[in-house]
Amino acid sequence: MSHDDGGFTEGGLLDSIVFMEQSLAQRVQAFGTEEGETVRQWKKLCTEYNISAMKYLQTDEFDTALDLLNRAKQLISSPVKFGEIDDRRKLLAITYNNMSCIFKRRGLLKTALGYAEKALKLETQSTKADNPACTHLNLCAILSRLDRHRHALEHCKCALDLIRAGNFSGAETPGLMNAFHDGEEPESSILAVCYHNMAVEHEHLGEYDKALQAYYKSVEVAGMELGPDHPVTSAFAERADEAQANLEAKSSAARAGRAARKGKLTEYDKKLLSVGGKTPRGTARGGKTPRG
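A. Structural detail: a positive patch on the surface. On the surface, Arg255, Arg258, Arg261 and Lys262 cluster together into a patch of positive charge. With respect to the helices and strands, the residue lysine 262 is situated in the loop between helix H11 (231–261) and helix H12 (267–275). Residue lysine 262 is classed as exposed on the basis of its relative accessible area, which comes to 64%.

B. Just the nonpolar core, in detail. Trp42, Leu75 and Ile102 are the most contacted members of the largest nonpolar core, which totals 74 residues. If near-sequence neighbours (up to four positions away) are discounted, isoleucine 102 is found in contact with Met54, Leu57, Phe62, Ala65, Leu66 and Leu69.

C. View of the side chain of threonine 135. Mapping threonine 135 onto the fold places it in helix H6 (residues 132–145). Within the structure, threonine 135 has its side chain in polar contact with the side chain of glutamate 123 (distance 2.7 Å). In this structure, threonine 135 is in contact with Asn97, Ala116, Ala119, Leu120 and Glu123, ignoring residues within four places of it in sequence.

D. Focus on the environment of leucine 153. As for its position among the elements, leucine 153 is in helix H7 (residues 149–164). Among the residues examined, leucine 153 registers a relative accessible area of 0% and is labelled buried. Expressed as a C-alpha distance, the spacing of leucine 153 and leucine 205, which sit 52 residues apart in the sequence, is 9.4 Å. With sequence-adjacent residues up to four places away left out, leucine 153 is seen in contact with Met198, Glu201, His202, Leu205 and Glu207.

E. The arrangement of the packing of aromatic side chains in detail. Under the counting rule described, the total for this entry stands at 3 aromatic pairs. A ring pair is formed by tyrosine 96 and tyrosine 115, whose centres lie 5.7 Å apart and whose planes are at 40°; its orientation type is tilted. Taken as a pair, tyrosine 96 in helix H4 (residues 85–105) and tyrosine 115 in helix H5 (residues 109–125) lie far apart in primary sequence, 19 residues in all. For tyrosine 96, a relative accessible area of 9% puts it in the buried group.

F. View of the pattern of salt bridges. Inspection of the entire model under this criterion finds 13 salt bridges. Residues lysine 43 and aspartate 87 are paired through a salt bridge, measuring 3.7 Å at the closest nitrogen-oxygen approach. In this pair, lysine 43 is assigned in helix H2 (residues 36–58) and aspartate 87 in helix H4, connecting sequence segments 44 residues apart. The salt bridge partner of aspartate 87 is lysine 128, with a shortest N-O separation of 3.0 Å. Here lysine 128 lies in the loop between H5 and H6 and aspartate 87 lies in helix H4, a separation of 41 residues in the sequence.

Cut-off values and rules
- For every chain, the first residue of the written sequence is number 1, and numbering continues from 1 onward in sequence order.
- Local features are withheld for residues below a pLDDT of 70 in this predicted model, meaning they are given only at 70 or higher, and side-chain atom pairs are given and counted only at 80 or more; totals for whole chains, interfaces and linings count all residues.
- Side-chain measures here rest on the full set of heavy atoms in the structure, leaving out hydrogens and waters.
- Each patch is built from residues lacking any salt bridge and having more than 30% relative accessible area; the joining distance is 9 Å for like charges and 5 Å for nonpolar side chains (Val, Leu, Ile, Met, Phe, Trp, Tyr).
- Only the protein chains shown count as cover for residues, and the accessible areas themselves come from Shrake-Rupley with a 1.4 Å probe.
- Between Lys or Arg on one side and Asp or Glu on the other, a salt bridge is scored when a side-chain nitrogen of the former is within 4 Å of a carboxyl oxygen of the latter.
- Positive charge is attributed to Lys and Arg, negative charge to Asp and Glu, and no charge count is given to His or to the chain ends.
- All charge positions are set by atom: Lys at NZ, Arg at CZ, Asp at CG, Glu at CD.
- Labels follow the DSSP assignment, with helices taken as runs of H or I lasting at least four residues and strands as runs of E lasting at least two, numbered in each case from the N terminus.
- Here the term buried applies to any residue with accessible area under 20% of the maximum for its type, exposed to any over 50%, and partly exposed to those in between, with areas from a 1.4 Å probe on protein chains only.
- Here, nonpolar core means buried Ala, Val, Leu, Ile, Met, Phe, Trp, Tyr and Cys residues that are tied together by side-chain atoms lying within 4.5 Å of each other.
- In this description, contact between two residues means that some pair of their heavy atoms is separated by no more than 4.5 Å.
- Whenever a nitrogen or oxygen atom comes within 3.5 Å of another N or O atom, the pair is scored as a polar contact, on the condition that within protein one atom can donate a hydrogen and the other can accept it, and that pairs from neighbouring residues in sequence are kept only if both atoms are in side chains.
- Aromatic rings from Phe, Tyr and Trp, taking only the six-membered ring of Trp, are treated as a pair when their centres fall within 6.5 Å; an angle between ring planes under 30 degrees marks them as stacked, one over 60 as edge-to-face, and anything in between as tilted.

Any functional reading would require information beyond the geometric quantities listed.
Here it is, written out as structure tokens:
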């Protein structure tokens, strides 16, 4: 099947990859795996596998996306070794992260979690891994959907520490950030998303004061990095206001509950109890609207 969607043509992508595969094979045969240009072509092909896979993920072509990532995995893990070990670890971590994104999109959360954990382990072993913060945020999103909110929050805090320490390239890791934004608004602030996801997890855990602080911090950061009128800033501001109202209702409902236990429940208290049970939305993946 050939189509043009989002600026790419399926046939053109696959034809380009086949050409790159053939070119690398010829280069290896002529010069071996350690020659500089051979290594550059190997990195370029592995990167292209990941970029193309994320484009197919955006159109829900899961089988094609997974096939490309498996090709990347095989090339990186081949007995015929290219590049330095840290290069291989970095590229394999990116590939595992993207596999995690595919399984997360399909709702196979435990499988997604396994691949994300493999990615993080590789990144901790590589001196060239440039975006481990994204891996932590990916783990946060998966664990949140598995209702493991305390662990999700810990990964979000790790991401925040890494970003503050400057251990984030700021550039787009091939494939990974596209998947992180899930095909929506590509221009976002990872720091703002991090604060937003922290807020969601605090809210799930009933830590309402911390949740509100983090919600409004996400708005502040998005406003500084993207501008006050940017769609991401507006979406986070709307979510923060909703959270403020929701958490105030929950606080009032809790007071009404205490009054009920003392036998002092009024009609107004009953109304508060009826609106105080809303649950927080899911963690944001960066986009026009934060959603789970």
